[in-house]
Amino acid sequence: MATPQGALRGREMRCLRFNKAFLAVHTEMIFLIHGGRKRKNAANGNVLDVIIALVIDNLLVGLFPEFIGSLTNLVHLDLSNTGTQQGETIPYQIGNLSNLQYLNLRVISHELKNLSKLQCLSLSNNYFNGPIPVFIGSLKSYRYHDLSYSGFSGVIPHDLENLSKLQHLDLSYNLVTGGGNFECLAELDLSRNMLEGRIPESFAYMTSLTHLELFGNQLSSVLSEATGLPSSLVELDLSMNSIRSTISEAHLFNISRLEYKHASFNSLAFEFSSECPFQFTQLSLASCKLGPKFPNWIRNQRYIDHLDISNSQISDTIPISFSNLLTAVYHLNLSSNKIRGSFLFDFPYIEEMDLSSNYFDKPLPPIPTNCVKLNLSQNKFSGTLISISVTENLSIGFLDISNNKLFGALPDNWMYFQGLVFLNLGYNNFSGRIPRSIGN
């Protein structure tokens with residue numbers, strides 16, 4: 001998701017950073033960056049109007065500087081690392097900052113209503129411990145609200161729905177119990193809150209919504225097939241809820257743009273035809289119900305780069321057509337199923353692969369050149385380690401082939417595993433001496 005600092009990207013920035021010693025006694029000299037050169041100036045304030053970015057660190061409680069209100073050219077103001085506390089007021093002069101576009105605060109003030117050009121407001125990492133202030137709905141120019149980790153509770157006030165320019169709203173890690181209906185909102189993050197029951201129906205009418213993150217709530221069912229989700233949706237995260245529903249093509253019929261779907265750690269079942277109309281880029285369905293057969297609709301996915309279908313009750317072999325999927329995948333997790341047979345697919349771009357806790361047998365698959373983490377433990381792989389008798393440097397850092405049926409001598413080529421940090425060969429039937437190269 002976009003960051004609020006993007007409001008300043010591409011602009012010349014003259015940034016002034018104050019520490020608590022300066023603000024407490026006003027005796028140190030400051031440096032202003034202007035025209036590519038440093039100029040030394042007295043701290044009496046008559047030249048401070050050239051500053052457009054200001055960051056204050058470690059401000060002592062009760063020493064909020066009133067002169068900030070005179071910095072009329074200020075565009076970026078970060079007060080997030082100050083010692084201000086909830087209940088402490090900020091100077092009314094802050095309402096004079098008519099050019100301010102980005103503001104990061106630790107207190108809430110009605111003076112914010114006077115900042116007509118403010119686009120990005122961050123109140124994250126606070127302890128407000130109460131409802132979201134209604135007056136935030138009067139901040140018409142805002143495009144980005146970061147209210148995460150702030151102790152807000154209750155439903156989202158209807159007044160916020162009037163923010164016609166708001167594109168990004170982050171309310172993650174709060175105690176919010178109800179959503180809103182934002183016509184123009186593109187990105188909504190309500191992860192780690194207190195949403196319960198069915199996914200709020202209001203989301204279906206947010207026609208500009210592209211990213212919806214709801215992981216870590218207490219949702220128990222999805223929207224009905226008739227209601228569905230907005231057709232604009234590109235990314236949907238329902239992970240770590242208590243959803244016990246069956247997802248069919250009808251639920252996602254209008255979401256032709258959906259590329260990223262995360263629904264891990266639910267009790268979801270999927271009923272798609274073999275010709276799934278969706279082409280995902282990321283698909284995370286860990287602990288969902290996909291088996292017992294290997295789902296046909298997954299093997300027709302041509303653009304997936306991240307696939308996690310671990311612990312999904314699959315008791316089957318992997319179809320040959322699965323190789324079409326692996327041409328782009330870099331993260332693959334099939335662990336904790338009952339998948340059997342050999343695994344001899346070519347995966348040129350794979351970086352992390354977890355096949356652990358299955359029934360794979362026959363020889364070990366070769367280690368891909370770019371693979372950093374490979375877990376093949378708790379299977380029935382047999383034979384020698386001829387497949388890892390490499391003669392070129394590998395990227396592998398984590399290799400676990402424990403609890404298999406491997407035997408024979410260990411190869412003497414460990415000098416090609418220079419990045420290896422973790423190696424587990426336990427609970428096999430290896431014999432002979434430990435090769436000298438393993439000490440390298």
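Note that the coordinates shown come from a computational prediction; the quantities given were computed from them, not determined experimentally.

> Which parts of the structure should I look at to understand the overall build of the chain?
What the chain contains, in helices and strands, is two helices and 32 strands. Within the chain, counting contacts between residues at least 6 apart in sequence, those at least 24 apart form 41% of the total. Surface summary for the chain: the accessible area is close to 20,200 Å², and the carbon and sulfur share equals 48%.

> How should unusual backbone geometry be read in this particular structure?
Excluding glycine, residues mostly carry a negative phi; peptide bonds, for their part, are mostly trans. Residue Gly291 is joined to Pro292 through a cis peptide bond whose omega torsion reads 10 degrees. If you trace the backbone, Pro292 turns up in the loop between β21 (282-284) and α2 (296-299). Positive phi outside glycine occurs at Asn129, with the angle close to 50 degrees. Within the fold, Asn129 resides in the loop between β7 (120-122) and β8 (130-131). Backbone geometry places Asn311, a non-glycine residue, at a positive phi of 50 degrees. Relative to the assigned elements, Asn311 resides in the loop between β22 (306-308) and β23 (331-333). The class of Asn311 is partly exposed, set by a relative accessible area of 40%.

> Just checking my understanding: could you explain the environment of Ser395 for this structure?
Here Ser395 shows up in the loop between β28 (380-383) and β29 (398-400). It is 7.4 Å that separates the C-alpha atoms of Ser395 and Phe417, two residues lying 22 residues apart in sequence. Leave out the neighbours within four places in its chain, and Ser395 touches Thr369, Asn370, Cys371 and Val372. Within the local environment of Ser395, its side chain forms a polar contact with the backbone oxygen of Thr369, the two atoms lying 3.2 Å apart.

> Please explain the environment of Ser284 as it appears in this structure.
Tracing the backbone shows Ser284 in strand β21. Considering only alpha carbons, one finds Ser284 and Leu238, 46 residues apart in sequence, at a separation of 9.9 Å. Residues in contact with Ser284, not counting those within four places in the same chain, are Lys261, His262, Ala263, Ser264, His306 and Asp308. Among the polar contacts listed, one links the side chain of Ser284 to the side chain of His262, at a separation of 3.1 Å.

> Before we go on, may I ask you to explain the packing of aromatic side chains in this structure?
Think of a pair of aromatic rings as described by two things: how far the centres are apart, and how the planes are tilted against each other in angle. Summed over the entire model, instances satisfying the criterion amount to 11 aromatic pairs. For the ring pair Phe343 and Phe345, a centre distance of 5.1 Å and an interplane angle of 75 degrees mean the geometry is edge-to-face. Measuring from centroid to centroid gives 5.9 Å for Phe343 and Phe347, while their planes differ by 25 degrees, and the two rings are stacked. In this structure Phe343 comes out as buried when scored by relative accessible area, which is 0%. You can call Phe347 buried: its relative accessible area is 3%. Within the aromatic cluster, the residues linked to one another by ring pairs are Phe294, Phe322, Phe343, Phe345, Phe347, Phe360 and Phe381.

> I keep staring at the environment of Arg340 and nothing clicks. Help me out?
Looking at where Arg340 falls in the secondary structure, it is placed in strand β24 (residues 340-341). Classification of Arg340 as partly exposed rests on a relative accessible area of 40%. For the pair Arg340 and Lys380, spaced 40 residues apart in sequence, the C-alpha to C-alpha distance is 8.9 Å. With sequence-adjacent residues up to four places away left out, Arg340 is seen in contact with Ser315, Asp316, Thr317, Ile318, Tyr359 and Phe360. Separated by 3.4 Å, the side chain of Arg340 and the backbone oxygen of Ser315 make a polar contact.

> Sorry, what's going on with the nonpolar core here?
Soluble globular proteins tend to bury their nonpolar side chains together. Grouped together as the largest cluster of nonpolar side chains are 105 residues, with contacts concentrated most on Leu77, Trp297 and Phe343. Looking at this core, the elements with two or more residues in it are β5 (76-81) and α2.

> Would you mind going over the sheet that holds strand β26 (residues 359-362) with me for this structure?
Each strand in a sheet pairs with its neighbour through backbone hydrogen bonds, running either in the same direction (parallel) or in the opposite one (antiparallel). What the five strands build is an open sheet, ordered β24-β26-β28-β30-β32; its pairing is parallel. Of all strands in the sheet, those bounded by a partner on one side alone are β24 and β32 (429-430). Note that strand β30 (residues 405-408) and β32 share two bridges and pair parallel. Among the inter-strand pairings, Gly408 is bridged to a residue of β32, identified as Phe430.

> I keep staring at the sheet that holds strand β12 (residues 175-178) and nothing clicks. Help me out?
Pairing within the open sheet is parallel, and its three strands lie in the order β8-β10-β12. Strands at the two margins of the open sheet, each flanked by one partner only, are β8 and β12. Sheet analysis places strand β10 (residues 152-155) next to β12, joined by three bridges and oriented parallel. The residue bridging Ser153 from the neighbouring strand is Leu175, located in β12.

> Can you walk me through the confidence of the model for the chain in this structure?
Do not read the predicted coordinates in detail wherever pLDDT is low. Residues at a pLDDT of 70 or more form 81% of the chain, whose mean pLDDT is 81. Across residues 2-49 the pLDDT falls below 50, and counting only partners more than four positions away or on other chains, this stretch makes 87 contacts in the model.

Criteria and thresholds
- Every chain begins its residue count from 1, and numbering advances along the sequence as written.
- In view of the model being predicted, local features appear only for residues whose pLDDT reaches at least 70, and side-chain atom pairs are presented and counted only at 80 or more, with totals across whole chains, interfaces and linings using the full set of residues.
- The basis for every side-chain value is the complete set of non-hydrogen atoms in the structure, without hydrogens or water.
- Counting from the N terminus, the helices are DSSP H or I runs at least four residues long and the strands are E runs at least two residues long.
- Residue contacts are defined here by distance: any two heavy atoms, one from each residue, within 4.5 Å place the two residues in contact.
- Each accessible area is a Shrake-Rupley estimate made with a 1.4 Å probe; only the visible protein chains count as cover when residues are assessed.
- When accessible area is computed with a 1.4 Å probe and restricted to protein chains, residues below 20% of their type maximum are described as buried, those above 50% as exposed, and intermediate ones as partly exposed.
- As used in this structure description, the phrase polar contact means that two N or O atoms lie within 3.5 Å; if the pair is within protein, one of them must be able to donate a hydrogen and the other to accept it, and residues adjacent in sequence are counted only when both atoms belong to side chains.
- Pairing of aromatic rings covers Phe, Tyr and Trp, the last counted by its six-membered ring, and requires centre-to-centre distances within 6.5 Å; plane angles under 30 degrees mean stacked, over 60 mean edge-to-face, and any other angle means tilted.
- Buried Ala, Val, Leu, Ile, Met, Phe, Trp, Tyr and Cys residues that are joined via side-chain atoms within 4.5 Å together make up what is termed a nonpolar core.
- In this scheme, strands are said to pair when DSSP sees at least two bridges between them.
- pLDDT gives the predictor's per-residue confidence on a scale running from 0 to 100.

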